[in-house]
Amino acid sequence: MSTISLRQNHNKTPEELRDLIRQLAIKLDDKYQLKSSWINDDEIVVQRSGIKGRISLEPAEVRVEIKLGLMMGAFKSPIQNEIARSMAEKLG
């Protein structure tokens, strides 16, 4: 099982941050069919067959932890690069 673990610092308000993370979740759904759901005001779960993860919003940082199943492990680099690029672009 492969794991993607990313962190990105930010200086956004909680409202701005939630809007940006919603946009990221939509992009991940469009590109990788990752369905997302908020489990509280500061955490969102993303999943699909072979992928399960969590995006955590903190006052100065966003953390992404995603576990990829055996078959999805082959896509680790493109998925990780897309998330890292989007986070840096929107939060940096």
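Below you will find a few notes about this structure. (Residues numbered from 1 in each chain as written. Predicted model: local features only at pLDDT ≥ 70, side-chain atom pairs only at ≥ 80, totals over all residues. Heavy atoms only, no water.)

## Notes on the sheet that holds strand 4 (residues 51-57)
- The strand order across the open sheet formed by 5 strands is 1-5-4-3-2, and the pairing between neighbours is antiparallel. Every interior strand has two partners, whereas the edge strands, strand 1 (2-9) and strand 2 (35-40), have only one. Shown here is a sheet whose adjacent strand axes are inclined to one another by a mean of 15 degrees, direction ignored.
- Looking at chain direction, strand 4 and strand 5 (residues 61-68) are connected through 7 bridges and run antiparallel. If you follow S56 over to strand 5, its bridge partner there is R63. (Pairing = 2+ DSSP bridges. Helix = DSSP H or I, 4+ residues; strand = E, 2+ residues; numbered from the N terminus. Axes fitted to C-alpha atoms, helices over the stretch in contact; angles between N-to-C directions.)

## Quick word on the nonpolar core
- Counting residues in hydrophobic clusters, the biggest one holds 24 residues, and the most contacted among them are I21, I55, V62, I66, I79, I83 and M87.
- Of all the secondary-structure elements, those providing two or more residues to this core are strand 1, helix 1 (14-32), strand 3 (43-48), strand 4, strand 5 and helix 2 (76-91).
- Not counting residues within four places of it along the chain, the set of residues in contact with V62 comprises L6, R7, Q8, H10, L17, I21, I55, S56, L57, M87 and L91. (Core = buried A, V, L, I, M, F, W, Y, C linked by side-chain atoms within 4.5 Å. Buried < 20%, exposed > 50% of the residue type's maximum accessible area, 1.4 Å probe, protein only. Contact = heavy atoms within 4.5 Å.)

## A look at the environment of L24
- Counting through the fold element by element, L24 comes out in helix 1.
- Expressed as a C-alpha distance, the spacing of L24 and S37, which sit 13 residues apart in the sequence, is 12 Å.
- When sequence neighbours within four positions are dropped, the list of residues in contact with L24 reads I55, S86 and M87.

Keep in mind that these numbers describe shape and distance, not what the molecule does.
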